[in-house]
Amino acid sequence: MSDYPINMSMKPEVEAFFDPATNTISYVVKDPSSNACAVIDSVMDIDYAAGRITHDHADAIIDHIRKNDLKLAWIIETHVHADHLSAAPYIQNALGGKIGIGDKIMVVQETFGKIFNEGTEFQRDGSQFDALFKDGDTYMVGNMQAVAIYTPGHTPACMVHVMGDAAFVGDTLFMPDGGSARADFPGGDAATLFDSIQKVLTLPDAMRLFMCHDYGPNGRDIQWETTVAAEKEHNIHVGKGATKEQFVKFRTERDATLAMPKLIIPSLQVNMRAGEVPTDKDGRPMLKVPVNGL
């Protein structure tokens, strides 16, 4: 990892916000030397059966930032989520900040633009976002330098964002007893995911790792923070020197048994647009349901 500028002496304050409807954890990450902060993987609430969108989860994040007199610098998406809708534009409208994602978003937009039969008005160049990160790109949250690390496999556009001694891993890893995320979505690949996980596990052992999801395996309480050392030692899918061949076999067989996420259809349409809900020709918010497309 010597190619990435890691500063373990920088210890950001991390506030977590758990969304029980989607088992997603969003974060507000504060620069320890200023009032600047970043939001990681926000959630917009949806009652899919009723077609109703609300913003309770995002409002809790906005309230936290306002009450603590913080200045929002960045709204980061670790990838195009398939299990929850992003609240990035809602938060940006309230607090400002730039919305950023990995530059491979264009691959995702091209793939799902076809699946959802999007017209030529849907831009597939990532222009819906304020910043597109390449592997190793850095950006500032106040005085704190952050670095984006390309970690594909779960999706083609996944990135881990490291801020000081804290790394936000998206769906590249789960808690040690949760293992890893699926790799069977379009553009996903189990062997590539294994390589990406190994990249994360070469970060310093003391690096704090923050998960995007947790499902409380075996009935334990929800958790979202661990370390590189704990993952290397205890992760049930990649710990204790598991080989790529073992991982690919397990991941491929397991993924074949998994159902599609409940919110994959609305999530992909919204998230590939940086959190904006698509509209019909009359400007009304509207989602499509592709038949036999996923």
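Just above sits the structure.
Everything numeric here is computed off the predicted structure, so don't read it as measured data. (Residues numbered from 1 in each chain as written. Predicted model: local features only at pLDDT ≥ 70, side-chain atom pairs only at ≥ 80, totals over all residues. Heavy atoms only, no water.)

> So what exactly am I meant to see when it comes to the sheet that holds strand 1 (residues 13–19) here?
By definition, the strands of a sheet pair up through backbone hydrogen bonds, in either a parallel or an antiparallel sense. Sheet architecture is open: six strands sit in the order 1-2-3-6-7-8, paired in mixed fashion. Only two strands of the sheet have a single neighbouring strand rather than two, namely strand 1 and strand 8 (131–133). The average angle at which neighbouring strand axes cross in this sheet is 25°, direction not considered. Two elements, strand 7 (residues 98–102) and strand 8, share three bridges in a ladder whose sense is parallel. Its bridge partner being in strand 8, Ile-101 is matched across the sheet by Leu-132. Lying on the sheet, helix 1 (residues 56–67) is in contact with strand 1, strand 2 (24–30), strand 3 (36–40) and strand 6 (71–76); it crosses strand 1 at an angle near 160°. (Pairing = 2+ DSSP bridges. Helix = DSSP H or I, 4+ residues; strand = E, 2+ residues; numbered from the N terminus. Axes fitted to C-alpha atoms, helices over the stretch in contact; angles between N-to-C directions. Contact = heavy atoms within 4.5 Å.)

> What's the story with empty space enclosed by the protein in this structure? I'm lost.
With a probe scaled to a water molecule rolled over the atoms, the places where space remains empty come into view. On inspection of all chains with the given rule, the structure shows one cavity of 30 Å³ or more. In this model, the largest cavity occupies a volume close to 90 Å³. For the largest cavity, the full set of lining residues is Val-80, Ala-82, Val-108, Phe-112, Thr-155, Pro-156, Phe-185, Pro-186, Ile-264 and Leu-268. Every element with two or more residues in the lining of the largest cavity is listed here: helix 3 (105–115) and helix 7 (264–271). (1 Å grid on protein atoms, 1.4 Å probe; cavity = no way out; pocket = protein on both sides within 12 Å on 5 of 7 lines; lining within 4 Å. Points joined across faces, edges and corners; volume = space filled by probe spheres on them.)

> What exactly am I supposed to notice about the pattern of salt bridges here?
Pairing between side chains becomes possible if they bear opposite charge and their charged atoms approach one another. One pass over the full model with this rule turns up 19 salt bridges. Among the salt bridges present, the one from Arg-220 reaches Asp-177, with a minimum N-O distance of 2.6 Å. With Arg-220 in the loop between strand 13 (208–210) and strand 14 (225–227) and Asp-177 in the loop between strand 12 (166–168) and helix 4 (190–200), this residue pair connects regions lying 43 residues apart in the sequence. In this structure Arg-220 comes out as buried when scored by relative accessible area, which is 18%. Judged by relative accessible area, Asp-177 falls into the partly exposed class, the value being 30%. Across the salt bridge formed by Asp-282 and Arg-284, the nearest N and O atoms sit 3.7 Å from each other. Using a relative accessible area of 48% as the deciding quantity, one classes Arg-284 as partly exposed. Among the ionic contacts, a cluster of salt bridges with common partners joins Asp-280, Lys-281, Asp-282 and Arg-284. (Salt bridge = Lys/Arg side-chain N within 4 Å of Asp/Glu carboxyl O. Buried < 20%, exposed > 50% of the residue type's maximum accessible area, 1.4 Å probe, protein only.)

> Before we go on, may I ask you to explain the pairing of strand 3 in this structure?
Regular strands have side chains that alternate between both faces of the sheet. By the criterion of burial, strand 3 is predominantly enclosed, with five of the five residues buried. Side-chain alternation along strand 3 places Ala-36, Ala-38 and Ile-40 on one buried face and Cys-37 and Val-39 on a second face that is also buried. The sheet contact formed by strand 2 and strand 3 spans four bridges and is antiparallel. Each residue of the ladder has a partner; that of Tyr-27, found in strand 3, is Ile-40. Connecting strand 2 to the next strand, strand 3, in antiparallel fashion are five residues. Examined bridge by bridge, strand 3 and strand 6 share five bridges and lie parallel to one another. When the sheet's bridge partners are listed, Val-39 is paired in strand 6 with Ile-75.

> Got a minute to help me understand helix 3 in this structure?
Residues that lie three or four places apart on an α-helix share one face, since the helix turns once every 3.6 residues. Along helix 3, the positions that sit buried rather than exposed are Ile-105, Val-108, Gln-109, Phe-112 and Gly-113. Buried residues along helix 3 cover an arc of 125° about the axis, so they all sit on one side. Where helix 3 is buried, its residues meet strand 7, strand 8 and helix 7. Within two residues after helix 3, Asn-117 carries a phi angle of roughly 50°, on the positive side. (Arc of directions from axis to C-beta.)

> Honestly, the side chain of Arg-251 in this entry has me stumped. Any pointers?
Tracing the sequence through the fold places Arg-251 in helix 6 (residues 244–255). Non-local contacts of Arg-251, meaning those with residues more than four positions away in its chain, are made with Ser-180, Ala-181, Arg-182, Ala-183, Ala-190, His-237 and Leu-258.

> Explain the sheet that holds strand 13 here, please?
If you walk across this open sheet you meet the six strands as 9-10-11-12-13-14, and the pairing is mixed. A single partner strand is all that each edge strand has here, and the edge strands are strand 9 (138–141) and strand 14. Pairs of neighbouring strands in the sheet enclose a mean axial angle of 30°, with direction left out of account.

> Looking at this structure, how should I read the environment of Thr-155?
Within the fold, Thr-155 resides in the loop between strand 10 (144–150) and strand 11 (159–163). Separated by 74 residues in sequence, Thr-155 and His-81 place their C-alpha atoms 8.9 Å apart. The contacts of Thr-155, once residues within four sequence positions are left out, are His-79, Val-80 and Gly-187.

> Hey, could you run me through the packing of aromatic side chains in this one?
To describe a pair of aromatic rings, you give the distance between the ring centres and the angle between the ring planes. With the rule as written, the count across this model stands at nine aromatic pairs. Relative to Phe-133, the ring of Trp-74 lies with its centre 5.6 Å away and its plane at 50°, an arrangement referred to as tilted. Here the residue Trp-74 occupies a position in strand 6, and Phe-133 occupies one in strand 8, the gap between them amounting to 59 residues. Summarising the burial analysis for this pair, Trp-74 and Phe-133 share the class buried. Aromatic side chains Phe-168 and Phe-210 sit 5.1 Å apart centroid to centroid with 20° between the ring planes, which places their arrangement in the stacked category. One end of the pair, Phe-168, is in strand 12; the other, Phe-210, is in strand 13, with 42 residues separating them in the sequence. An aromatic cluster is present here, built from Tyr-27, Phe-168 and Phe-210 joined pairwise through their rings. (Phe/Tyr/Trp six-rings, centres within 6.5 Å; stacked < 30°, edge-to-face > 60°.)

In short, geometric facts, not functional conclusions.
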